[in-house]
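Spelled out from the first residue to the last, the chains are:
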Amino acid sequence: RWKLAEMARQIEALQDNIERIAFQFSSGVPDSALGSQCALLKVQASKTFEYCAREAVQVFGGSGIVKEGRGKLVERLYREVRGVAIPGGSEEILLDLAIRTA
């Protein structure tokens, strides 16, 4: 239960950040002012996805690493987590961007 609660907490915190930045954007805050916040949001989203995929494999046990049955989706997400994170920029580059523009 603790693993599921921690995953839910991280996802809820991420959702709150997304809504806050979306509200600022829709309120007319200039893109240049949102750059560092968006970079930090991307890093947090990548880390949350990676954490949740890793913990889901732990929850599913052995079936979380096979490509069939109940763990099929978990295995795919765990395998793809790093590939999804890279196209937007590596975490180090985004953190550097955020600190330079803050």
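Residues numbered from 1 in each chain as written. Predicted model: local features only at pLDDT ≥ 70, side-chain atom pairs only at ≥ 80, totals over all residues. Heavy atoms only, no water.

## Section: the overall build of the chain
Then comes step 1: Along its length, the chain carries four helices and zero strands.
Then comes step 2: Along the chain, helices (α) and strands (β) appear in the sequence α-α-α-α when read from the amino end.
Then comes step 3: Taken over C-alpha atoms, the radius of gyration comes to 16 Å for the chain, far larger than the 13 Å a tight globule of 102 residues would show.
Then comes step 4: Once the C-alpha set of the chain is aligned to its principal axes, its extents read approximately 45 × 25 × 20 Å.
Then comes step 5: Considering the chain as a whole, with its 102 residues, one finds that 27% of them fall into the buried category.
Then comes step 6: For the chain, restricting intrachain contacts to residue pairs at least 6 apart in sequence, the fraction spanning at least 24 positions comes to 60%.
Then comes step 7: Working note: accessible area of the chain is about 7,000 Å², and carbon and sulfur atoms make up 61% of it. (Helix = DSSP H or I, 4+ residues; strand = E, 2+ residues; numbered from the N terminus. Rg over C-alpha atoms; globule rule 2.2 N^0.38 Å. Buried < 20%, exposed > 50% of the residue type's maximum accessible area, 1.4 Å probe, protein only. Contact = heavy atoms within 4.5 Å. Areas by Shrake-Rupley, 256 points an atom, 1.4 Å probe, with all protein chains shown as cover.)

## Describing helix H2 (residues 31-60)
Then comes step 1: With 30 residues, H2 extends 41 Å between its outermost C-alpha atoms, agreeing within 8% with the 44 Å of an ideal straight helix rising 1.5 Å per residue.
Then comes step 2: In the structure, H2 departs most strongly from a straight axis at Gln37, where the bend amounts to approximately 25°.
Then comes step 3: Downstream of H2 by one or two residues, Gly61 has phi in the positive range, about 65°. (Expected span 1.5 Å × (residues − 1). Bend = angle between axes of the 7 residues up to and from the residue.)

## Considerations on the pattern of salt bridges
Then comes step 1: Inspection of every chain in the model, using the stated rule, returns six salt bridges.
Then comes step 2: Between Glu80 and Arg76 there is a salt bridge; the shortest N-O distance is 3.6 Å. Placement of the pair is Glu80 and Arg76 together in helix H3 (residues 72-85), with a separation of four residues, close to one helical turn.
Then comes step 3: Residue classification places Arg76 among the partly exposed residues on the basis of a relative accessible area of 39%.
Then comes step 4: One salt bridge connects Arg100 with Asp96, and the closest N-O pair in it is separated by 2.9 Å. Of this pair, Arg100 and Asp96 are both found in helix H4 (residues 91-101), four residues apart, which corresponds to roughly one turn of the helix.
Then comes step 5: Note on Asp96: relative accessible area 37%, which makes it partly exposed.
Then comes step 6: Here the salt bridges do not stand alone but share partners, grouping Lys3, Arg54 and Glu55 into one network. (Salt bridge = Lys/Arg side-chain N within 4 Å of Asp/Glu carboxyl O.)

Everything listed here is a matter of coordinates, which is why it stays silent on function.
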